[in-house]
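Architecture at a glance
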Amino acid sequence: QVRLVESGGGLVQAGGSLRLSCAASGRAFSSYSMGWFRQAPGKEREFVAARANSWSRGVYYADSVKGRFTISRDDAKNTVYLQMNSLKPEDTAVYYCAAGVLYREYAEESKYDYWGQGTQVTVSS
């Protein structure tokens, strides 16, 4: 019912910026909460940021990215974005977009119903 496709990853030097996009299929995009997760080699997948459904306007960030990353959504384009500034080598990971009908516990992977295939972000020192 919902297909998610991430894009915008790449190689960037420390201190640089990248903007990730997640395009969603379907007719009920505005009803879904959207999240970004990431997984570095040898580590568990971790929560990065989330945006509640379009009428809730809630935003949530992991402590490690607060002040540097910004999540936003454009319901007219069925797209959610992750603007990443002041990137650090420890931000290197595969970044995943996720969608689900949820109203709390946005950092929990199990609460999301749909996942993209991920996009690689590499930050060099």
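None of these values were measured; they are calculated from a predicted model.

What counts, and where the lines are drawn
Residues numbered from 1 in each chain as written. Predicted model: local features only at pLDDT ≥ 70, side-chain atom pairs only at ≥ 80, totals over all residues. Heavy atoms only, no water. Phe/Tyr/Trp six-rings, centres within 6.5 Å; stacked < 30°, edge-to-face > 60°. Helix = DSSP H or I, 4+ residues; strand = E, 2+ residues; numbered from the N terminus. Buried < 20%, exposed > 50% of the residue type's maximum accessible area, 1.4 Å probe, protein only. Lys NZ or Arg CZ within 6 Å of the ring centre and 35° of its normal. Pairing = 2+ DSSP bridges.

What follows deals with the packing of aromatic side chains. Under the criterion given, the structure shown has six aromatic pairs. Considering the side-chain rings of phenylalanine 37 and tyrosine 112, the 5.4 Å spacing of their centres and the 85 degrees angle between planes classify their relative orientation as edge-to-face. Taken as a pair, phenylalanine 37 in strand β4 (residues 33-39) and tyrosine 112 in the loop between β9 (93-100) and β10 (114-115) lie far apart in primary sequence, 75 residues in all. The exposure classification of phenylalanine 37 matches that of tyrosine 112, with both residues buried. Here the aromatic rings of phenylalanine 37 and tryptophan 115 are separated by 5.0 Å at their centres, their planes lie at 55 degrees, and the arrangement is tilted. Of this pair, phenylalanine 37 sits in strand β4 while tryptophan 115 sits in strand β10, and the two are 78 residues apart along the sequence. Grouped by ring-pair contacts, the aromatic residues Phe37, Phe47, Tyr112 and Trp115 constitute a single cluster. Directly above the ring of tryptophan 115 sits arginine 45, whose terminal nitrogen or CZ lies 4.3 Å from the centroid. Over the ring of phenylalanine 29 we find arginine 73; its NZ or CZ atom is 4.6 Å from the centre of that ring.

Our next topic: the pairing of β9. As a general feature of sheets, a regular strand has side chains that alternate between the two faces. Most of β9 sits inside the fold, with seven of its eight residues counted as buried. In the sheet, β4 pairs with β9 via seven bridges, with the strands oriented antiparallel. Looking at the pairing, serine 33 lines up with glycine 100 of β9. Summarising the sheet, β9 and strand β11 (residues 119-124) pair through three bridges and their orientation is antiparallel. Residue pairing for β11: alanine 93 is matched across the bridge by valine 121.

Fair warning: the whole summary comes from geometry, so function is off the table for now.
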